[in-house]
Amino acid sequence: MGGTVMKVFLKSMCDGNTGCAAYKITGAECFLAFICVAILAALFFPNLNSLASVAFVGSVSVLAYCSLLWILPVTKGGSGDGIAKKAVLLTGSMTRIRDALGGFEILALAFRGHNLVLEIQGTLPSSQKQPSKKAMWRAVKISVILNILCVYPIAIAGYWAYGDRMPVDGGILLALAAFYEKKHIIRGLCVLITINYVCAFQIYAMPTFDNLERIFVTKRNEPCPRWMRSMIKLFFGGLTYFIAVTFPFLPRLAAFIGAIGLPVTLVYPCFMCLAIKKPPRFSPTWCLNMGLGSVGTMLTLVFLVVALWSLIDNGFEANFYNP
């Protein structure tokens, strides 16, 4: 995603001139540029606890670009001629059901739990009087509120402004790049999004770095030196780049892959509570967790079927090694 945004940035520099040097830069080169920036930044942060400033910068950047993503379409008033045909569901009843369930899946993915919530909570100070779970619970509530303020205005403003002219790949960013005349604002927007992706890369990659360092320490029975930590991050960056170039179509599988990961939020916490606390059978706590876990399991299966159905019905092009 970071490389794709950098490609949009370079194309906006050319302003439609296909002979421009920046226009000829390939997707693989943009991917390489992004991973180099991300790994260079990763070299300065040894552990998850050191990423507080990175998380803050990423939060500010995401609030800034999400605000711009809905403010710009509202001020512009839509696509080129100011008229956007509204997207209409197809008449077939099964297609309506599929699209409606697909919409619910997007909502579930947008508000799923953070995959590293336990690792992040582990960086907070904790005591018997002030356990870390209280601070983490406040943080989760604030993050959900901010998520709502970011996601819903974009969805409403984007649909109002562009309707069915919204690109399938790239979403509202590519729509803005195509219809908005002030390219310097688009370039600034791309910079903000790239900063956010670089920050997110640090947070999601850090557990992998820690695990690789743990393997080294366990096998060698000695502290991991700085040069080895840097080599681990460079190796991970190269592996990530290889996967991104090999499977550049992964964003199109986001709904299917996201449905596979939904149990982490909708199912596992409920059954973990039952396994750890062992409430009496048919007690309110047991019924609540068993009910929510069962509903989460059914929703995950339904969303998997819907995502696979959409891929089969709409067609899918696997462009290996051609980002």
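Just so we're clear, the structure is a prediction, and the values are computed from it rather than from any experiment. (Residues numbered from 1 in each chain as written. Predicted model: local features only at pLDDT ≥ 70, side-chain atom pairs only at ≥ 80, totals over all residues. Heavy atoms only, no water.)

## Section: the UniProt feature "transmembrane region" (unreviewed entry) in the protein chain
Put simply, the rule is: UniProt positions are given in the numbering used here, feature names are shortened, and annotations may be inferred rather than shown by experiment. Strands here mean DSSP runs of E at least two residues long; helices mean DSSP runs of H or I at least four residues long; both are numbered from the N terminus.
As annotated in UniProt, the feature "transmembrane region" (unreviewed entry) corresponds to residues 21–45, 51–72, 139–162, 185–206, 227–247, 253–276 and 288–312 in the numbering used here. The distance from the first to the last C-alpha atom of residues 185–206 is 32 Å, and the span holds 100% helix and 0% strand. What you have in residues 227–247 is 95% helix and 0% strand, and the ends, taken at the C-alpha atoms, are 30 Å apart.

## Things to note about the packing of aromatic side chains
The cut-off we apply is this: Each pair of aromatic rings taken from Phe, Tyr and Trp, with Trp reduced to its six-membered ring, is defined by centres within 6.5 Å and is described as stacked if the planes are under 30 degrees apart, edge-to-face if over 60, and tilted in the remaining cases. Relative accessibility thresholds used throughout: buried, under 20% of the residue-type maximum; exposed, over 50%; partly exposed, between the two (1.4 Å probe, protein chains only). Cation placement over rings: the criterion is NZ of Lys or CZ of Arg within 6 Å of the ring centroid and within 35° of the ring normal.
Applying the stated rule across the entire model yields 7 aromatic pairs. Judged by centre distance (5.8 Å) and plane angle (70°), the ring pair of Phe247 and Phe320 falls under edge-to-face. With Phe247 in the loop between helix H9 (226–246) and helix H10 (254–261) and Phe320 in the segment after helix H13 (284–314), this residue pair connects regions lying 73 residues apart in the sequence. Its relative accessible area of 33% is what places Phe247 among the partly exposed residues. A residue is classified by how much of its surface remains accessible, and Phe320, at 45% relative accessible area, is partly exposed. By the ring-pair criterion, three or more aromatic residues cluster together here, those being Phe201, Phe209 and Phe236. For Arg98, the ring lying beneath its charged end belongs to Trp309, and the centroid distance is 5.8 Å.

## Looking at the nonpolar core
This is how it is decided: Take the buried residues of types Ala, Val, Leu, Ile, Met, Phe, Trp, Tyr and Cys, join any two whose side-chain atoms come within 4.5 Å, and each joined set is a nonpolar core. Residue contacts follow a heavy-atom distance rule, with two residues in contact if any of their heavy atoms lie within 4.5 Å.
Counting 22 residues, the largest nonpolar core has Leu51, Phe201, Met206 and Phe209 as its most contacted members. Breaking this core down by element, the ones donating at least two residues are helix H2 (27–42), helix H8 (183–220) and H9. A per-element tally of this core places H8 first, with 8 residues. The contacts of Phe201, once residues within four sequence positions are left out, are Ile35, Ala38, Ile39, Phe236 and Thr240. By size, the runner-up hydrophobic cluster in this structure holds 19 residues, among which are Tyr65, Cys66, Cys150 and Leu189.

## Digging into the side chain of Thr194
Relative to the helices and strands, Thr194 resides in helix H8. In contact with Thr194, not counting residues within four places along its chain, are Val5, Met6 and Phe34.

## A word on helix H12 (residues 268–277)
To be explicit about the condition: Arc, as used here, means the arc of the directions from the helix axis to the C-beta atoms.
Every buried residue of H12 is accounted for by Cys270, Cys273 and Leu274. For H12, the angular spread of buried residues about the axis comes to 95°, placing them on one side. Against the buried residues of H12 lie helix H11 (263–266) and H13. Residue Lys278 follows H12 closely and has a positive phi angle near 50°.

## Section: the environment of Ala110
Mapping Ala110 onto the fold places it in helix H4 (residues 93–110). In this structure Ala110 comes out as partly exposed when scored by relative accessible area, which is 27%.

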